[in-house]
Each structure stands twice: as structure tokens, then as C-alpha cells.
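Residues per chain are reported as follows:
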Amino acid sequence: MPASPVPAHIGIIMDGNGRWAQQRKLLRTQGHLEGLKTAKRTVKAARELGAEYLTLYVFSTENWKRAAEEVGFILGLVKQYLKAELDFYRENRIRLRHAGDPTGLPADIAQDLREAAEETREFDGMQVILALNYGGRNEILRAVKRLLQAGTPALTEETLSRHLDNPDIPDPDLIIRTGGDCRISNFLLWEGAYSEYYFSDKLWPDWTEEDLIAAVRAYQRRDRRFGGVQP
Ligand code: FPP
């Protein structure tokens, strides 16, 4: 990797599992199973690159519209992931966190997430944030509700930011979307205001470590001005 800074926080919209499966005349769920393997590889690759935070868009507030079997399958994969990967998280001191509304999740998944977050909360390695029952609008709305409940006097960008799901996590530097569509689909709407976006035609199960490196290289060539001008 070139020496220029690696994005501290990378967000990924992991799209294309269904199409990957359909192209192979497999069930969509098979695509999600393959997608889980890619997610595992990507956590390792992002860690090796030196990213500090990785947010994975696993299940959106809109994904409940899918067939019950598909929803159940994805949530089952999450459960399996939380169980199977905990040793890897422990060994590598990776902290696992959740973004999204836990109250809309099945109680056992919400509990597994809470426990994994609790067990890894002191780890000082990379942080992996699973966006699960997550929607950017929903997160902003819940932040406003918390802010009002807390009786916070001033409604400012600063006070609202402090009531988001993970207020200590810096905004994503780079947001990647696989699967060929160029939209953000309600992902990190507030936090992504000045993120660099990278869209790839590759379907998520086909995404590799080399693709992640190519995305980071593209990011390193961008000129980030945050609305200002270069001196
Ligand atoms: C989008 O592809 C993918 C999802 C909605 C599910 C993502 C889930 C995983 C990758 C597995 C779980 C991962 C972890 C880390 C627990 P799509 O189904 O919308 O694909 P399509 O656009 O081709 O239909």
C-alpha cells in the first residue's frame, strides 16, 4: 500500500448476493452464505490494511420487506457469525459493535449482539460495526428522540451527533458499495456527509482483498476538501 493515509473508517454496502446466486441458478440464500464468507475475509483484510473501523451494512430497516425465509436466513447467519467469530475477535482484540435499532430485532439476536459488544468492549484493536436493522433516517430520528428525552437545551449538529448510535466513532472516510448500483440506500446518511464514495460493479461474493486495496488506492487519490478550498 502507498504510504498515504489508509481510511480510518470504511463503510461497506455489501450488495449483489442475490444476483450472484441467481446467475448460478442457486437460491438467493446461497448468495448470502457466500456473502458471509466475503465479509469474514474483508474484516481480516481491512485489519491488515490498518483501518480502525469497519461498518458492514448487514440488514436495513427496509430489508424486512423481503420474503420471511430470506429474512430468517440472514438473521440466522448473523447469529452464526456472532458465535463462530468470537474467538477470532478475542485473538485479534477486535471490538464488535452494533448500529441500528435493537428493539426491532428478534430478542435472541439483540441479546447476542449486546453480549458480543459487552465481551469485546475493552479491546483496542479494530472495531467492526454491524449495521443491523439499520436505516440512516431511523438513526437520525432515534437520535432526535433521545436528545429531546435528555432535555438537551440546544439542538445543534454537535448535540445531535452526540445522540447517534455510536457517537464516539469518527465519520466514515470511505464508503464502498458493491453490486453495480450507485446509491446509498439509507446507509450512514448523517455520518457520510463528507465520505468518499466508491462504487464497484463486482457482486459482493466476488469481492476480494485486491478489490479492497483498489478501493483504498482510489480513495488515496481523492482530494478531500470538506467544502473548503485547497490553499
Ligand atoms: C445485499 O444483497 C445483501 C444483504 C441484504 C445481506 C447481507 C448479508 C450478508 C453479507 C451476510 C451476513 C454478514 C455478516 C457480517 C453477519 P442483495 O440480496 O440485495 O443482492 P441483490 O441486489 O443481488 O438481490
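Check the entry above for the structure.
Residues numbered from 1 in each chain as written. Predicted model: local features only at pLDDT ≥ 70, side-chain atom pairs only at ≥ 80, totals over all residues. Heavy atoms only, no water.

A. Examining the layout of surface pockets more closely. The calculated volume of the largest pocket comes to roughly 710 Å³. Looking at the largest pocket, it is lined by 32 residues, and the ones nearest its centre are Met 14, Asn 17, Tyr 57, Val 58 and Asn 63. Taken together, the elements giving at least two residues each to the lining of the largest pocket come down to helix H1 (17-23), helix H2 (28-49), strand E2 (53-60) and helix H3 (68-84). (1 Å grid on protein atoms, 1.4 Å probe; cavity = no way out; pocket = protein on both sides within 12 Å on 5 of 7 lines; lining within 4 Å. Points joined across faces, edges and corners; volume = space filled by probe spheres on them. Helix = DSSP H or I, 4+ residues; strand = E, 2+ residues; numbered from the N terminus.)

B. Quick look at the environment of Ile 10. Its location among the elements puts Ile 10 in strand E1 (residues 9-13). Relative accessible area serves as the criterion here: at 0%, Ile 10 is assigned to the buried category. Ile 10 sits 50 residues away from Ser 60 along the chain, and the two C-alpha atoms are 18 Å apart. Residues in contact with Ile 10, not counting those within four places in the same chain, are Ala 51, Tyr 53, Leu 54, Thr 55, Leu 174, Ile 176 and Val 216. (Buried < 20%, exposed > 50% of the residue type's maximum accessible area, 1.4 Å probe, protein only. Contact = heavy atoms within 4.5 Å.)

C. Structural view of the site of the ligand. As a structural note, the neighbourhood of the ligand is formed by 18 residues, with Asp 15, Gly 18, Arg 19, Arg 28 and Arg 66 the closest of them. Contact distances for the ligand include 3.3 Å between an oxygen atom and a backbone N or O atom of Gly 16. Burial of the ligand by the protein amounts to 92% of the accessible area it has alone, namely 630 Å². Comparing atom positions with the cavity grids shows the ligand to sit within the largest pocket. For the shell around the ligand, the elements supplying multiple residues, two or more each, are H1, H2 and H3. At 5 residues, the largest contribution of residues to the shell around the ligand is made by H2. A class-by-class count of the residues in the shell around the ligand yields 8 nonpolar, 6 polar and 4 charged. (Near = heavy atom within 4 Å. Polar contact = N/O pair within 3.5 Å; in protein donor to acceptor, adjacent residues only side chain to side chain. Areas by Shrake-Rupley, 256 points an atom, 1.4 Å probe, with all protein chains shown as cover. Sits in = over half its atoms within 2 Å of the grid points. Nonpolar A, V, L, I, M, F, W, Y, C, P; charged D, E, K, R; others polar.)

D. Summary view of unusual backbone geometry. Positive phi values are uncommon outside glycine, yet Lys 25 reaches one of about 55°. Structurally, Lys 25 can be placed in the loop between H1 and H2. Assessed through its relative accessible area of 76%, Lys 25 is described here as exposed. In this model, Ser 185 sits at a positive phi of 45°, which is unusual for a non-glycine residue. With respect to the secondary-structure elements, Ser 185 resides in the loop between strand E5 (174-177) and strand E6 (196-199). Judged by its relative accessible area of 30%, Ser 185 is partly exposed.

Any functional reading would require information that these geometric values do not contain.
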